[in-house]
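Each chain, written out:
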Amino acid sequence: MKNIWLLLFFFYFYFCPSIIQAEIVNTKEVYTYESLTEDLRELSRLHPDLITYKSLVKTPYGKKIWAIKVGHGKPTVLLHGAHHAREWMTSTLLMKMIETYASSYKDKRTVEGYHPNILDEVSIWFVPMVNPDGVTLQQMGLFAFPSYLHPSLVEMNKGSLNFVRWKANLDGIDLNRQYPANWENLRGVSSKPSYQFYKGTRPLEAIEVKALVEFTSEIEPEIAVSYHSSGNMLFWGFYQWGLTHTTKFAIDYYKIAEKLADITKYKLEEPESHQQGGGYTDWFIEEFEKPALTVEIGSLIENSSLPLDSFSSIWESNKAIGLFLAKRALEKRINNHNHIM
Ligand SMILES: [Zn+2]
């Protein structure tokens, strides 16, 4: 009798690996740099054939900016999050994508109709937390950092000890106003280091941004998506779009933007209205003439991170995005190749 139970036990666990596989990325808690680091190690240990990772740079406060590769293909797409400290739910989202794509790949399950076997032909790179120092300050407050920093951090936070609205890195530089695309002419920015909107003294001054620029140039992704919060919006185009809407690039780009809006149900914003430059997507489009989009997840919330209970609907809207982009990247490659032939 005892042996039958043992046998049943063995069969149950042998044939139901997805049941015993507990979820790794906890989407119900504040997602910290430490959780992220632990999770990516665990995920790569579980899926060594599919997931690899590396550090792009170490911040002055000892945190690594992780880049995680999912897939085997030569063409790449790049998704990144948390340029802005208070927008760390974008890190949770991207880590959940990694976990979901890896387990779906293993179990041969589709995600919203997108088959993860595309990862044999395309690789998705994730940089889920571009600003780990800022995120830590926003989540933990001053005492996560040495006391000699406290006076300047409080000053940059306009005298407040509450850091929930913090967007910048620890030097008070807004990382998404640091890219060399019309940077000189950026208007409406803070004139000195601040919790938000300070563009720095020169482009690429922040090591986080310099590292992401170098990494992007190294992998040359076909498409890039920059995740932010909030507003349930999707921005395409860039600051000097002007009258070039009719080029082949613009038409192909718009098709991707339209489909992304269709999947997420986010509002697609006209290119000319949103930005003057200085952001990642501005730089990417200008540098590579390839599509890049900014996605603002979650219902609009002023001066704060998104509430934890908003994650489930954000997940529903975004879970297929990585695989969708991978598919588009592959199609783009094939089309370009045929065109050259
Ligand atoms: Zn942002």
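Fair warning: this is a prediction, and the values are worked out from it, not measured in the lab. (Residues numbered from 1 in each chain as written. Predicted model: local features only at pLDDT ≥ 70, side-chain atom pairs only at ≥ 80, totals over all residues.)

Focus on the overall build of the protein chain
In step 1: A count of helical and extended segments in the protein chain gives 11 helices and 8 strands.
In step 2: For the protein chain, long-range pairs separated by at least 24 residues make up 78% of all intrachain contacts whose partners lie at least 6 apart in sequence. (Helix = DSSP H or I, 4+ residues; strand = E, 2+ residues; numbered from the N terminus. Contact = placed C-beta atoms within 7 Å.)

Examining helix 7 (residues 207–219)
In step 1: With 13 residues, helix 7 should reach 18 Å at 1.5 Å per residue; the first-to-last C-alpha distance of 18 Å fits that figure.
In step 2: Inspection of helix 7 places Glu208, Val209, Ala211, Leu212 and Thr216 among the buried residues, and these make up the whole buried set. The buried residues of helix 7 all sit within an arc of 160° when viewed along its axis, so they share a single face. More than 90 degrees from the buried face of helix 7, the exposed residues found are Glu214, Ser217 and Glu218.
In step 3: Close packing links the buried residues of helix 7 with strand 1 (51–58), strand 2 (64–70), strand 3 (76–80), strand 4 (123–127), strand 5 (223–229) and helix 9 (280–288).
In step 4: Of the residues flanking the end of helix 7, it is Glu220, one or two places downstream, whose phi is positive at about 40°. (Expected span 1.5 Å × (residues − 1). Buried ≥ 20, exposed ≤ 12 C-beta atoms within 10 Å, placed from the backbone. Arc of directions from axis to C-beta.)

Some details on the nonpolar core
In step 1: Core analysis: the largest hydrophobic core is formed by 85 residues, its most contacted members being Val70, Val77, Ile98, Phe126, Val225 and Ala326.
In step 2: At 9 residues, helix 4 (residues 89–107) tops the list of elements feeding residues into this core.
In step 3: Non-local contacts of Ala326, meaning those with residues more than four positions away in its chain, are made with Val77, Ile118, Leu119, Val122 and Ile124. (Core = buried A, V, L, I, M, F, W, Y, C linked by C-beta atoms within 7 Å.)

Focus on the sheet that holds strand 2
In step 1: Spatial ordering of the open sheet is given by 1-2-4-3-5-8-6-7, a layout of 8 strands whose pairing is mixed. For this open sheet the edge positions go to strand 1 and strand 7 (267–269), each flanked by a neighbour on one side alone. Each strand axis lies, on average, 20° off the axis of its neighbour in the sheet, ignoring direction.
In step 2: Two elements, strand 3 and strand 5, share 4 bridges in a ladder whose sense is parallel. Each bridged residue has a counterpart across the sheet, and for Val77 the counterpart in strand 5 is Ile223.
In step 3: Most of the contacts of helix 8 (residues 248–264) go to strand 6 (residues 233–235), to which it runs at about 170°, and overall it touches strand 5, strand 6, strand 7 and strand 8 (292–297). (Pairing = 2+ DSSP bridges. Axes fitted to C-alpha atoms, helices over the stretch in contact; angles between N-to-C directions.)

A short note on helix 5 (residues 132–140)
In step 1: Counting buried positions over the 9 residues of helix 5 gives 7, a clear majority of the element.
In step 2: For helix 5, the full list of buried residues reads Pro132, Asp133, Gly134, Val135, Thr136, Leu137 and Gln138.
In step 3: Each element contacted by the buried residues of helix 5 is listed here: helix 3 (33–46), strand 2 and helix 6 (150–156).
In step 4: Among the residues trailing helix 5, Gly141 stands out with phi positive, at a value near 85°.

Focus on the environment of Val57
In step 1: Take Val57: it is sitting in strand 1.
In step 2: As a C-alpha pair, Val57 and Ile207 span 150 residues in sequence and 7.7 Å in three-dimensional space.
In step 3: Among residues more than four places away in sequence, those in contact with Val57 are Ile65, Ile207 and Ala211.

Thoughts on the packing of helix 3 against helix 4
In step 1: Running from N to C, helix 3 and helix 4 cross one another at 10°; their axes reach a closest spacing of 11 Å. Comparing their axes, helix 4 and helix 3 come out roughly parallel. Mapping the contact onto sequence places Leu36, Asp39 and Leu43 in helix 3 and Ser91, Met95, Ile98, Glu99 and Ala102 in helix 4. (Parallel < 35°, antiparallel > 145°, perpendicular 65-115°, else oblique.)

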